[in-house]
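Analysis of the macromolecular model
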Amino acid sequence: MNNIRKSLIDNWSLEHAGILLENREVYQPLNEQQFITSLGGLSNYINSLLLYDETNFLANGFEVDWRKFEWFQQNALLFLTSVNPDSLDIDWNSEASYSDNGIKNYLFSASQYETDLFVCPERADKILAERKNFSSSPLDKTLDKIDEKIKKENESVWYDNLQIGIENNFMFPSLTHYVLSQASSSEDLLTVIIQLKDSGKIKSLRNRIEEISSNTKTALKFQREVERMIKNQFGEPAKIDKPWSIKIPILFLTLTKSFSFDFFIRQQYLLFLKDIITCRTEANGLAKDVQRVFGKKILNL
């Protein structure tokens, strides 16, 4: 429990993130496909930063492509660790490196540094066949299962516009969707990301779910609670656990106060997951968040 999770994010993803987070003047000229690609890089940045204790990038010369965004790099470097790859003896400017966009170099680097790897959309399709598995945590599993359950529930929705609207939310991972839902504009998006990282909220959630999932009874109770929240979003009435009672003696009187036994610990993780579920089940929620934050409407979203 509480093992340090490390990720390696490629400089191309960071460049995409910098384009969207620096200022509106940088990303406004992008066409739709370029914008979606940059969103993919931003998504990598969000997930590699928030789901991991340590996020690394390689100082292989290509970091200059995102460090040119001064405001972004000043803030990003608060939580990014620069790694000098010289000891790996890789020629990043060789013909072989350019022939596959540096994919083999990054796979080798992640293997040597024992990290999970995030690569930009331009590399993602080509790397899938060779990519090593991520070190999935119980939180990762929970978020994946939430998406699976929502997709299953969505199959029973009668109306095509709602079905498609919910399906479109899965263009990006749930944590990316959640972060976008919390921002009012691109100007405060990086602030939202940094505050989430600095607060330790996601790490606390990860640790709590890891603890819960280590016990059969608590794990299954937690699973049922999450499934209940999902069903509630699809119109099924919420079932409230029977409250526990505690007797508080005051002088010669005995007062009985009812309360939910799990109330306090639920606040720490279920409310966050409820927000995730709300994002994912709101038809066209992702499209609305993207348009609000970036002022851009994506036709296929």
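The structure contained in this document is the topic of the report that follows. (Residues numbered from 1 in each chain as written. Predicted model: local features only at pLDDT ≥ 70, side-chain atom pairs only at ≥ 80, totals over all residues. Heavy atoms only, no water.)

**What to know about the sheet that holds strand β2 (residues 54-58)**
Taken together, four strands build an open sheet; the order of strands is β3-β2-β1-β4 and the sheet is parallel. Two strands in the sheet have a free side with no partner beyond their single neighbour: β3 (80-83) and β4 (116-118). The mean inter-strand angle of the sheet, taken between neighbouring strand axes irrespective of direction, is 35°. Judged from the three bridges that link them, strand β1 (residues 6-9) and β4 form a sheet pairing that is parallel. Within β4, the position partnered with leucine 8 by the bridge is leucine 117. Contacting β1, β2, β3 and β4, helix α3 (residues 32-50) crosses the sheet at an angle of about 160° to β1. (Pairing = 2+ DSSP bridges. Helix = DSSP H or I, 4+ residues; strand = E, 2+ residues; numbered from the N terminus. Axes fitted to C-alpha atoms, helices over the stretch in contact; angles between N-to-C directions. Contact = heavy atoms within 4.5 Å.)

**Some thoughts on the environment of leucine 78**
Residue placement: leucine 78 occurs in the loop between α5 (70-76) and β3. A C-alpha to C-alpha distance of 8.8 Å links leucine 78 and isoleucine 194, two positions 116 residues apart in sequence.

**So, the packing of aromatic side chains**
Under the definition given, this model contains eleven aromatic pairs. With centroids separated by 6.4 Å and ring planes inclined at 75°, the aromatic side chains of phenylalanine 62 and tyrosine 98 adopt a geometry described as edge-to-face. Of this pair, phenylalanine 62 sits in the loop between β2 and α4 (64-67) while tyrosine 98 is found in helix α6 (residues 95-99), placing the two residues 36 residues apart along the sequence. Classification of phenylalanine 62 as partly exposed rests on a relative accessible area of 25%. With a centroid separation of 6.0 Å and 75° between ring planes, the pair formed by tryptophan 66 and phenylalanine 72 is classed as edge-to-face. An identical accessibility class is assigned to tryptophan 66 and phenylalanine 72; each is buried. An aromatic cluster of at least three residues, connected via ring pairs, comprises Tyr45, Phe57, Trp66 and Phe72. In this structure, arginine 5 is placed above the aromatic ring of tyrosine 52, and the distance from its NZ or CZ to the ring centre is 4.4 Å. (Phe/Tyr/Trp six-rings, centres within 6.5 Å; stacked < 30°, edge-to-face > 60°. Buried < 20%, exposed > 50% of the residue type's maximum accessible area, 1.4 Å probe, protein only. Lys NZ or Arg CZ within 6 Å of the ring centre and 35° of its normal.)

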